[in-house]
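Spelled out from the first residue to the last, the chains are:
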Amino acid sequence: MLSKTKKRWSIFLFLSPWIISFLVFELYPLIFSVYISFTEYSGLNPQKIFVGFSNYIKAFSDEVFLIALRNTFIFVILTIPFTIGIALILAILLNNKNLPGRNFFKAGFFLPSVISMVVISMMWLYLYSADGLFIKLGTMMGFDLPARSFLASPDSALMSIMFMDVWAAFGYYVIFIFAGLQNIPEALYEAARIDGASSWKIATKVTLPMIKPTLFFVISINTIRSFQIFSEIYTMTGGGPRNSTQTMVHYLYEVSFKKFQLGYGSAISYILFIIIMIFTIIQKRALRSDY
């Protein structure tokens, strides 16, 4: 029999690979990034000049950052209702056990979620191009569309990426909401029908309250994902044209790894972190979830 001390050391030994990797690759970078957000640091020069909150103040006087902040909020506010709304409607339809081909539809909706966002972005880059499918279909239907990519115009570029993102994301959340619906006892529906509740009453008084924890989860992760949008912007527009698709994470990338202003980039990342945290708290209180 091993003594308690040996057992503790053996446990620590087995956990040590994770502990070491966590300390080196997660905790240390986190603490270091907080520190350099208060400094002027390029990464090319080991010297770090302490500047206090100057980087944070600089962000709110930086015109490009303010544009990126506005675009990110527009992206989040306009995509989340459509993404979650479509996912909720489809999940409710899939919850009907008499629906033919239910498993086929579930797999089809989820399929875009397993494809790399870079691959999806490249596919839609072609669809949006001047000789792409959307322009050709619009012309065939009699619409007078300009012979240029939807992504080439500041008026349509961000909206085009938002449309693509909703298409690529809603299937992922369909599966989560469907799983939440499966956990609702059938007895609740039967009791509601016996009491003469209409379909609308059942949906609003039984279904939605019972899946509030699931809705909180999917809305939270969709909010975080939307605030962190990067791959689509990097692949399709690079923040253009004229910063019309510039977002916070893409601008953070440009500031940190193109201009090598790592201190300023870290400050932007923590501004984004605070914004996401505030949105999550608001959502938690709005849904009154205990999760």
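Reading the values: rules and limits
Residues numbered from 1 in each chain as written. Predicted model: local features only at pLDDT ≥ 70, side-chain atom pairs only at ≥ 80, totals over all residues. Heavy atoms only, no water. Helix = DSSP H or I, 4+ residues; strand = E, 2+ residues; numbered from the N terminus. Rg over C-alpha atoms; globule rule 2.2 N^0.38 Å. Buried < 20%, exposed > 50% of the residue type's maximum accessible area, 1.4 Å probe, protein only. Contact = heavy atoms within 4.5 Å. Areas by Shrake-Rupley, 256 points an atom, 1.4 Å probe, with all protein chains shown as cover. Lys, Arg positive; Asp, Glu negative; His and termini not counted. Charge placed at Lys NZ, Arg CZ, Asp CG, Glu CD. Salt bridge = Lys/Arg side-chain N within 4 Å of Asp/Glu carboxyl O. Core = buried A, V, L, I, M, F, W, Y, C linked by side-chain atoms within 4.5 Å. Axes fitted to C-alpha atoms, helices over the stretch in contact; angles between N-to-C directions. Parallel < 35°, antiparallel > 145°, perpendicular 65-115°, else oblique. Phe/Tyr/Trp six-rings, centres within 6.5 Å; stacked < 30°, edge-to-face > 60°. Lys NZ or Arg CZ within 6 Å of the ring centre and 35° of its normal.

> Run through the overall build of the chain, naming residues and quoting values.
Scanning the chain for helices and strands turns up 13 helices and two strands. On C-alpha atoms alone, the chain measures out to a radius of gyration of 24 Å, which is more than a quarter above the 19 Å that the 2.2 N^0.38 rule sets for 291 residues. Expressed as lengths along the three principal axes of its C-alpha atoms, the size of the chain is roughly 80 × 70 × 35 Å. Counting over 291 residues, the chain shows a buried share of 40%. In the chain, the proportion of contacts linking residues at least 24 apart, taken out of those at least 6 apart, comes to 65%. Summing over all exposed atoms, the chain offers an accessible surface of approximately 17500 Å²; the carbon and sulfur share of this is 69%. Of the side-chain charges in the chain, 23 are positive and 14 negative, and the distance between the mean point of each set is 11 Å.

> Lay out the pattern of salt bridges in plain terms, naming residues and giving numbers.
When the charged atoms of two side chains with opposite charge come close together, those side chains can pair. Applying the stated criterion across every chain, the model contains three salt bridges. Here Asp165 ties to Arg225 by a salt bridge, and the two come within 3.1 Å at their closest N and O atoms. Of the two residues, Asp165 sits in helix α7 (residues 157–182) while Arg225 sits in helix α10 (residues 212–227), which places them 60 residues apart along the sequence. Exposure remark for Asp165: the relative accessible area of 1% places this residue in the buried category. For Arg225, a relative accessible area of 27% translates into the label partly exposed. Overlapping salt bridges bring together Asp165, Arg225 and Glu232 as one network.

> Tell me about the nonpolar core, and name the residues and values.
Counting residues in hydrophobic clusters, the biggest one holds 46 residues, and the most contacted among them are Phe65 and Ile177. When contributions to this core are tallied by element, the ones reaching two or more residues are α2 (54–59), α3 (63–94), α7, α8 (186–194), α9 (199–210), α10, α12 (248–257) and α13 (262–287). When residues of this core are assigned to their parent elements, the largest contribution, 11 residues, is made by α3. By size, the runner-up hydrophobic cluster in this structure holds 15 residues, among which are Ile120, Tyr128, Leu151 and Ile233.

> Explain the packing of helix α1 (residues 4–36) against α13 to me, and be specific about the residues and the numbers.
Here α1 crosses α13 at 110°, and the two axes come no closer than 8 Å. Considering the angle they form, α1 stands roughly perpendicular to α13. Of the residues in α13, those touching α1 at Leu30, Ser33, Val34 and Ile36 are Leu262, Gly263, Ser266 and Tyr270.

> Explain the packing of aromatic side chains to me, and be specific about the residues and the numbers.
Overall, the coordinates contain 28 aromatic pairs when judged by the stated rule. Seen from their ring centres, Tyr128 and Phe134 are 5.4 Å apart, and the 55° between their planes marks the pair as tilted. Relative accessible area serves as the criterion here: at 4%, Tyr128 is assigned to the buried category. Their ring planes at 65° and their centres at 5.4 Å tell us that Phe230 and Tyr253 sit as a pair that is edge-to-face. Taken together, the positions of Phe230 in the loop between α10 and α11 (231–236) and Tyr253 in helix α12 put the pair 23 residues apart, joining distant regions of the chain. Through a chain of ring-to-ring contacts, three or more aromatic side chains come together here, namely Trp124, Tyr128, Phe134, Phe150, Phe163 and Trp167. Between the NZ or CZ atom of Lys48 and the centre of the ring of Tyr41, over which it lies, the distance is 4.8 Å. Geometry around Tyr264 places Lys58 over its ring, the cationic atom sitting 4.3 Å from the centre.

> A description of unusual backbone geometry should follow, citing residues and the corresponding values.
Note that the residue after Gly240, namely Pro241, is joined by a cis bond; omega there is -5°. As for its placement among the helices and strands, Pro241 is situated in the loop between α11 and α12. Residue Phe260 is not a glycine yet carries a positive backbone phi of 55°. Relative to the assigned elements, Phe260 resides in the loop between α12 and α13. Note on Phe260: relative accessible area 35%, which makes it partly exposed.

> Which residues make up the side chain of Ser256, and what are the values?
Note that Ser256 resides in helix α12. Overall, Ser256 belongs to the buried group, its relative accessible area being 4%. Beyond its immediate chain neighbours, meaning those up to four positions away, Ser256 contacts Gln261, Leu262 and Gly265.

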